[in-house]
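Residue strings, one per chain:
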Amino acid sequence: MSSNLAIKLRAGTQKAHTSAENAGFTKCFLKGVVDRNCFATFLGNLYYVYSELEAAIEKHREHPVIKPLYFPELHRKANLEKDLEFYYGKNWQEQIVPTQATQNYVNRIREISAKEPVLLLGHTYTRYMGDLSGGQMFQKIAQTALKLEGYQGTSFYNFEQIPDKNAFKDKYRQALNALPIDDVTADKIVAEANHAFHLNLLAAQDLEGTLIQAIGQVLYNSLVRSHNPGSTEVAPAN
């Protein structure tokens, strides 16, 4: 039995993907406006999300539905720790606090890990496939805007163990499509992926006040005025 889950995820999350790309923080970022402190806060929030998600995946790594999608080379926690030390110093853990939206995100991952762990796949798809796709463009933008060398301060986007990202994404999609799950379970995972996009959007919106303080309301308004049609509307992204 084949679930065709990757195909369903791709089609079922297009609108949510586009909404996430139209968050003010994201639109400013894509236009090359990156504030160092805001970016460090963004990475700090991701640290909490990935710490919870990867702990949950490790816990359920032998689950028959999660096991075929267990790829530890995707894990981002250690890379985020490098970045946070770069921005905050050795005592970075004492300086970061999750925003309320980030804490809600963490709580959701914790909830489904306890009650229905197969739904974690909606989050791994949303996060990791995005990191391997648009995330690579984010790395280059941050590197240029913040005048960073190599992956200094952007290790989050560096998948050292995945030299061919497109080949890996194909392998990941094939594993999703081959999962022996019924349509009801597949639909639940797609719904959770949409919820993950929404949680990401709320987390990005939490950063907008900090960004406006850094760059000014007028510049911010000019950068976010237009609607971005979204990569998902013009070409496959995930």
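Note that the structure is a prediction, hence the values are computed from the model and not measured.

### What about the overall build of the protein?
Right, on to step 1. The helix and strand inventory of the protein stands at 12 helices and 0 strands.
Right, on to step 2. Ordered by position in the sequence, the α and β elements of the protein form the string α-α-α-α-α-α-α-α-α-α-α-α.
Right, on to step 3. What you see for the protein is a C-alpha radius of gyration of 17 Å, in line with the 18 Å of a compact globule of 238 residues.
Right, on to step 4. Reported as C-alpha extents along the three principal axes, the dimensions of the protein are approximately 55 × 40 × 35 Å.
Right, on to step 5. Looking at the protein residue by residue over its 238 residues, the buried ones come to 53%.
Right, on to step 6. Considering only residue pairs separated by 6 or more positions, the protein has 84% of its internal contacts joining residues 24 or more positions apart.
Right, on to step 7. Separation between the mean location of the 25 positive side-chain charges and that of the 25 negative ones in the protein comes to 3 Å.

### With respect to the confidence of the model for the protein
Right, on to step 1. Across the protein, the average pLDDT comes to 92, with 94% of residues at 70 or higher.
Right, on to step 2. For residues 232–238, every residue scores under 50 in pLDDT, and the model assigns this stretch 20 contacts once sequence neighbours within four places are set aside.

### Regarding the pattern of salt bridges
Right, on to step 1. For the coordinates displayed, the defined rule picks out 12 salt bridges.
Right, on to step 2. Of the charged contacts in the structure, one is a salt bridge between Glu-62 and Lys-67, with a shortest N-O distance of 3.2 Å.
Right, on to step 3. Across the pair Arg-173 and Asp-170 runs a salt bridge whose closest N-O atoms are separated by 2.9 Å. Here Asp-170 and Arg-173 lie together in helix H9 (residues 165–177), a separation of 3 residues that amounts to about one turn.
Right, on to step 4. When its relative accessible area of 23% is taken as the criterion, Arg-173 is described as partly exposed.
Right, on to step 5. For Asp-170, a relative accessible area of 40% puts it in the partly exposed group.
Right, on to step 6. One salt-bridge network, in which partners are shared between bridges, spans Arg-108, Glu-111, Lys-115 and Glu-192.

### Overview of the packing of aromatic side chains
Right, on to step 1. Taken as a whole and judged by the stated rule, the model has 15 aromatic pairs.
Right, on to step 2. For the ring pair Phe-25 and Phe-42, a centre distance of 5.2 Å and an interplane angle of 40° mean the geometry is tilted. Residue Phe-25 is found in helix H3 (residues 24–30), and its partner Phe-42 is found in helix H4 (residues 36–59); the two are separated by 17 residues along the sequence. As far as burial versus exposure is concerned, Phe-25 and Phe-42 are alike and both buried.
Right, on to step 3. Put simply, the rings of Phe-25, Phe-29, Phe-39, Phe-42, Phe-86, Tyr-87 and Phe-138 pair up and form one aromatic cluster.
Right, on to step 4. Over the ring of Phe-159 we find Arg-76; its NZ or CZ atom is 3.6 Å from the centre of that ring.

### Section: the packing of helix H1 (residues 5–12) against H9
Right, on to step 1. For the pair H1 and H9, the least separation of the axes is 6 Å and the interaxial angle reads 105°. Considered as vectors, H1 and H9 are oriented roughly perpendicular to each other. For the pair H1 and H9, the contacting residues are Leu-5, Ala-6, Ile-7 and Leu-9 in the first and Arg-173, Leu-176 and Asn-177 in the second.
Right, on to step 2. Of the residues that constitute the contact of H1 with H9, the class distribution is 5 nonpolar, 1 polar and 1 charged.

### Focus: the environment of Thr-144
Right, on to step 1. Within the secondary structure, Thr-144 sits in helix H8 (residues 134–145).
Right, on to step 2. Relative accessible area serves as the criterion here: at 61%, Thr-144 is assigned to the exposed category.
Right, on to step 3. It is 16 Å that separates the C-alpha atoms of Thr-144 and Phe-156, two residues lying 12 residues apart in sequence.

### Digging into the packing of H1 against helix H10 (residues 183–205)
Right, on to step 1. Contact geometry of H1 with H10 gives a least axis separation of 9 Å together with a crossing angle of 40°. One finds that H1 runs oblique with respect to H10. The interaxial crossing formed by H1 with H10 has right-handed handedness. Contact residues: Leu-5, Lys-8, Leu-9 and Gly-12 in H1; Asp-183, Ala-186, Ile-189, Val-190, Ala-193 and Asn-194 in H10.
Right, on to step 2. Among the residues making up the contact of H1 with H10, the classes are represented as 6 nonpolar, 2 polar and 2 charged.

Rules used throughout
- Each chain has its residues counted from 1, running along the sequence as written.
- With the structure being a predicted model, the display of local features is reserved for residues of pLDDT at least 70 and the display and counting of side-chain atom pairs for 80 or more, all residues being used for whole-chain, interface and lining totals.
- To get the side-chain values, take all heavy atoms of the structure and skip hydrogens and water.
- We count a stretch as a helix when DSSP gives it H or I for four or more residues in a row; a strand needs E for two or more, and each element gets its number in order from the N terminus.
- Each radius of gyration reported is based on C-alpha atoms, and the globular scaling rule is 2.2 Å times the count of residues to the power 0.38.
- Think of it in three bands: with a 1.4 Å probe and only protein chains considered, a residue is buried below 20% of the maximum accessible area for its type, exposed above 50%, and partly exposed in between.
- Throughout, a contact is declared for two residues whenever any of their heavy atoms are within 4.5 Å.
- Positive charges are assigned to Lys and Arg, negative charges to Asp and Glu, while His and the chain termini are left out of the count.
- Note on charges: their place is set at NZ of Lys, CZ of Arg, CG of Asp or CD of Glu.
- pLDDT gives the predictor's per-residue confidence on a scale running from 0 to 100.
- When a carboxyl oxygen of Asp or Glu is within 4 Å of a side-chain nitrogen of Lys or Arg, the pair counts as a salt bridge.
- In this analysis, rings of Phe, Tyr and Trp, with Trp reduced to its six-membered ring, are considered paired at centre separations within 6.5 Å, and the interplanar angle assigns stacked below 30 degrees, edge-to-face beyond 60, and tilted for intermediate values.
- Placement of a positive charge over a ring is assigned whenever Lys NZ or Arg CZ falls within 6 Å of the ring centre and within 35 degrees of the normal to the ring plane.
- Between N-to-C directions, angles span 0 to 180 degrees; the directions come from axes that are lines fitted to C-alpha atoms, helices contributing only their stretch in contact.
- Roughly parallel covers angles under 35 degrees, roughly antiparallel covers those over 145, roughly perpendicular covers 65 to 115, and oblique covers all other angles.
- Classification used: nonpolar for Ala, Val, Leu, Ile, Met, Phe, Trp, Tyr, Cys and Pro, charged for Asp, Glu, Lys and Arg, polar for all others including Gly.
- If you view the pair so one helix is near and one far, a crossing is left-handed when the near helix is turned anticlockwise from the far one by less than a right angle, and right-handed when it is turned clockwise.

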